[in-house]
Amino acid sequence: MLNRRNFLTAAVGVAATAGLAACAKEDGSPTGSSSGGSKTITLGFSQVGSESGWRTANTDSVKSAAKEAGYKLQFSDAQQKQENQISAIRSFIAQKVDVIAFSPVVVTGWDAVLKEAQTAKIPVVLTDRSVESDESLFVALVGSDFTDEGRRAAKILEKVLEKAGHKGKVKIAQLEGTTGAAPAIERAKGFKEVMDAEHKDDWEIVASQTGDFTRAGGKQVMAAFLQSNPDIDVLFAHNDDMGLGAIQAIEAAGKKPGKDILIVTVDGVKDGFIAMSEGKINAIVECNPLLGPQLMEVVKTVHEGGTVERWIKTKESDFMQDQAKDALPTRKY
Amino acid sequence: MSTPAVTTPSRWRALTHHHLFWPVAVLIALLLVNVPFTPDFFAIRMADGHLYGSLISIVLFGSPLILVAVGMTLVIATGGIDLSVGAVVAITGALTCSYISDQADQNALAGVFLAMGIGLVAAVVCGLWNGFLVARMGIQPIIATLIIMVAGRGVAQLITDGQIITINSEPYKLIGGGYWLTLPFSIFVVAAVVAVTVALTRRTALGLLVESVGGNAEASRLVGIRSRRIKIMVYMFCALCAGIAGLMISSNTSAADGNNAGLWIELDAILAVVIGGTSLLGGRFSIGGTVIGALVIQTLTTTIYTIGVPTQTNLVFKAAVVIVVCLLQSPKFRAKVLGAKGRARTTAPAEPSAPADAAPKMEVSR
């Protein structure tokens, strides 16, 4: 039953890609022969919103890379609502753009609109976040491996603990991202993976709540955590902004962030690096938003009918406190 | 206002029939729920030169909601509703922070005051627009205020360029995140706004006029009350409250976030007003009830964080509590469930109109 369904969707997918390739050939040759220059590619891009500095940098990167590549960019901001994003994608389909790219707000609920795009023979590229849909409904994902970021956060926490000379039990508080968002789910998963495998006895997550990826959320949740669990050793925040909010809550409780409570965050926005250079964050796992150029390459290849890897991972690194001052001037966002 | 015909007069009875009894009872119950999870929940200690504890946090983080809800109460009392408050919060924060961030010296008092002034003026202009649409153009309040609710957040993002503006201004930090006389400064702001509101509405005829407009705008106009002017005024006041809340929220994190500041606060505010016993039909209101209602919601949020409700079930938990609170507020429900006590009350001949009795009465008696 399931196999048959999968087979059917796969078949539809193959048919659609074949049709697409045919299309590309069809309108490729006449333009090639008539003018010598190819038609400008129109890219429809639907962004999650502008909820953080990271996102803004991501938007800027896509916009400038599209400009540089000479593509026409239809940009739409979903303001963190899935319904906005779905209607944006529908309007891209109606406008018959060449390629659709989007950063899904949440992981589920995309099948219908992606099928519409497929029927209209418009290839879809995901950026930054993935979806739980049939694989045939999108051609590629350009973005970070959030699960790996969670693993890297756990690994760098080992270093942070060693450096701080912390011995014995480690009580961890976790500030999760928006409930249901891929980075929140996967960063938590990756972190827990390493924790369960290597620190089953000594690490413990004593409190975990969503801070919605915002500073205000991080501050409020951390303030409550500090009351219910006064002996927290480590804070793992799914993004810098929540970490920055939590720092204020920790200071209000009369504790020293980065000393009394060790802090590891993900992202690496400028404000995060500033806090790290002040000694308030211990380590940052970078999640690189500057994926514009990589996205444009994929768009070009896909439009020409070529094949791309399913998952094009962005280039990223990890930073400890002593690297913060050197890295700070180079942070663009 | 007649007191219920009491055949067995007892203090308990008088207490349970007070219009603030159920909101206060729920607030106390919610606070007590925290004790098993946070043993020193009620403890307040000194930290870093100021008082610190769960109760302080609740008031500090609940301050913006109290302000917005107080403004909302008056709008609802005129039979209206204001959905734009969240967007006004975002606009005020964005304008103020972007002005401060352009200053050479972000700590200069003059600059900070001017920035706050600009933000609040913008807020009041939003309120004036809402009031104009509702009172002069006769547009349904829910539609009229929806305009700024949707467009306002876009305006806020336009002001901030879609960025989160981080500022480093000590004086500005005081309003929403600072401490004065060992207490959060926002408590004093809230206390001042609530005191002024209560004084204006209960010590002068203004409250009566607002209620009369809410009860029947046309009749009020015919007896000589300028009902349109009253309506415009309450929308402006509501926006001003939202503006002050916007200053607090942005000051609390020292950052203006056009996208998330005050997101959904309008819904929490309406909820707070309802929990406080103000009828959405307009015509009567209770400022004290609203303050309690806002504290109930903030305590509920804090409770969710401290008792470790799994994140996926946060909203379900919240909804369940809200349903219980609303049911407890309903005299009909209480009569059915609490049985005999309620029956005795309904057979009392004092008040024949059952629906009018559905919510506690609140007139100029305060």
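What counts and how
- Residues numbered from 1 in each chain as written.
- Chains lettered and ligands numbered in written order.
- Predicted model: local features only at pLDDT ≥ 70, side-chain atom pairs only at ≥ 80, totals over all residues.
- Helix = DSSP H or I, 4+ residues; strand = E, 2+ residues; numbered from the N terminus.
- Buried ≥ 20, exposed ≤ 12 C-beta atoms within 10 Å, placed from the backbone.
- Contact = placed C-beta atoms within 7 Å.
- Core = buried A, V, L, I, M, F, W, Y, C linked by C-beta atoms within 7 Å.
- Domains from an automatic or database assignment.
- Nonpolar A, V, L, I, M, F, W, Y, C, P; charged D, E, K, R; others polar.
- Pairing = 2+ DSSP bridges.
- Axes fitted to C-alpha atoms, helices over the stretch in contact; angles between N-to-C directions.
- Expected span 1.5 Å × (residues − 1).
- Parallel < 35°, antiparallel > 145°, perpendicular 65-115°, else oblique.
- Left-handed = near helix turned anticlockwise from the far one by under 90°.
- Right-handed = clockwise from strand over helix to strand, strands pointing away.
- Bend = angle between axes of the 7 residues up to and from the residue.

## Some details on the overall build of chain B
Part 1: Along its length, chain B carries 16 helices and 6 strands.
Part 2: In chain B, which comprises 366 residues, the share counted as buried stands at 51%.
Part 3: Taking as baseline every contact in chain B between residues at least 6 positions apart, the subset at least 24 positions apart corresponds to 77%.

## Describing the nonpolar core
Part 1: Ranked by internal contacts, the top residues of the largest apolar core, which has 198 residues, are Val125(A), Val299(A), Val68(B), Cys238(B) and Cys241(B).
Part 2: Each of domain 1 (2-143 + 291-315) and domain 2 (146-287) of chain A contributes no fewer than three residues to this core.
Part 3: Setting aside residues up to four positions removed in sequence, Cys241(B) forms contacts with Leu67(B), Val68(B), Val70(B), Gly71(B) and Val193(B).

## Let's talk about the domain arrangement of chain A
All names here are of chain A.
Part 1: By domain assignment, chain A separates into domain 1 (2-143 + 291-315) and domain 2 (146-287).
Part 2: Counting residues at the interface gives 8 residues for domain 1, matched by 12 residues for domain 2.
Part 3: Its residues placed into classes, the side of domain 1 that touches domain 2 shows 3 nonpolar, 3 polar and 2 charged.

## Observations regarding the interface of chain B and chain A
Part 1: Listed as interface residues are 27 residues of chain B and, on the opposing side, 30 residues of chain A.
Part 2: Where the side of chain B that touches chain A is concerned, the elements lending two or more residues are α3 (54-77), β3 (164-166), α11 (227-253), β6 (255-257) and α13 (287-307) of chain B.
Part 3: Split into classes, the residues belonging to the side of chain B that touches chain A amount to 8 nonpolar, 17 polar and 2 charged.

## Notes on the sheet that holds strand β4 (residues 124-127) of chain A
Residue and element names in this part refer to chain A.
Part 1: The 6 strands lie next to each other as β2-β1-β3-β4-β5-β11, forming an open sheet whose pairing is parallel. Whereas interior strands pair on both sides, the edge strands pair on one side only; in this sheet they are β2 (72-77) and β11 (311-313). With direction set aside, neighbouring strand axes in the sheet form an average angle of 20°.
Part 2: Inspection of the sheet shows strand β1 (residues 42-47) paired to β2 by 6 bridges, in the parallel sense.

## Remarks on helix α5 (residues 146-164) of chain A
Residue and element names in this part refer to chain A.
Part 1: In this model α5 runs 26 Å from its N-terminal to its C-terminal C-alpha over 19 residues, within 8% of the 27 Å that 1.5 Å per residue would give.
Part 2: Buried residues of α5: Phe146, Glu149, Gly150, Arg151, Arg152, Ala153, Ala154, Leu157, Val160 and Leu161, and no others.
Part 3: Against β6 (170-176), α6 (182-198), β8 (234-237), β9 (262-267), β10 (283-286) and β12 (318-320) lie the buried residues of α5.
Part 4: Gly165 occupies a position one or two residues after α5 and carries a positive phi of about 70°.

## A look at the environment of Trp12(B)
Residues and elements named next belong to chain B.
Part 1: Examined against the element boundaries, Trp12 turns out to sit in helix α1 (residues 11-16).
Part 2: Trp12 gets classed as exposed once you count the C-beta atoms within 10 Å, which come to 8.
Part 3: Spatially, the C-alpha atoms of Trp12 and Gly111 are 54 Å apart, while their sequence positions differ by 99 residues.

## Let's talk about the packing of helix α7 (residues 170-177) of chain B against α11(B)
All names here are of chain B.
Part 1: Here α7 crosses α11 at 115°, and the two axes come no closer than 7 Å. By the criterion of interaxial angle, the relationship of α7 to α11 is roughly perpendicular. Every pair of crossing elements has a handedness; the one defined by α7 and α11 is left-handed. Contacts between α7 and α11 involve Tyr172, Lys173, Ile175, Gly176 and Gly177 from the former and Leu247, Met248, Ile249, Ser251 and Asn252 from the latter.
Part 2: Of the residues in the contact of α7 with α11, the class split is 5 nonpolar, 4 polar and 1 charged.

## Examining the pairing of β6(A)
All names here are of chain A.
Part 1: Extensive coverage of β6 is indicated by the burial of 6 of its 7 residues.
Part 2: Where β6 lies against strand β7 (residues 203-210), 7 bridges are found, and the strand directions are parallel. Within the sheet, the bridge partner assigned to Gln174 lies in β7 and is Ser208.
Part 3: Assessed by its sense of winding, the connection that carries the chain from β6 through α6 to β7 is right-handed.

## A short note on the environment of Met72(B)
Part 1: Take Met72(B): it is sitting in helix α3.
Part 2: Placed 160 residues apart in sequence, Met72(B) and Ile232(B) show a C-alpha to C-alpha distance of 13 Å.

## With respect to α3(B)
Residues and elements named next belong to chain B.
Part 1: Along its 24 residues, α3 runs 32 Å from first to last C-alpha, staying within 8% of the 34 Å computed at 1.5 Å per residue.
Part 2: Roughly 50° is the biggest bend found in α3, and it falls at Gly62, with proline Pro64 one to four residues downstream.
Part 3: Summarising burial for α3: 22 of the 24 residues are buried, a large majority.
Part 4: One or two positions beyond α3, positive phi appears at Gly79, with a value near 85°.

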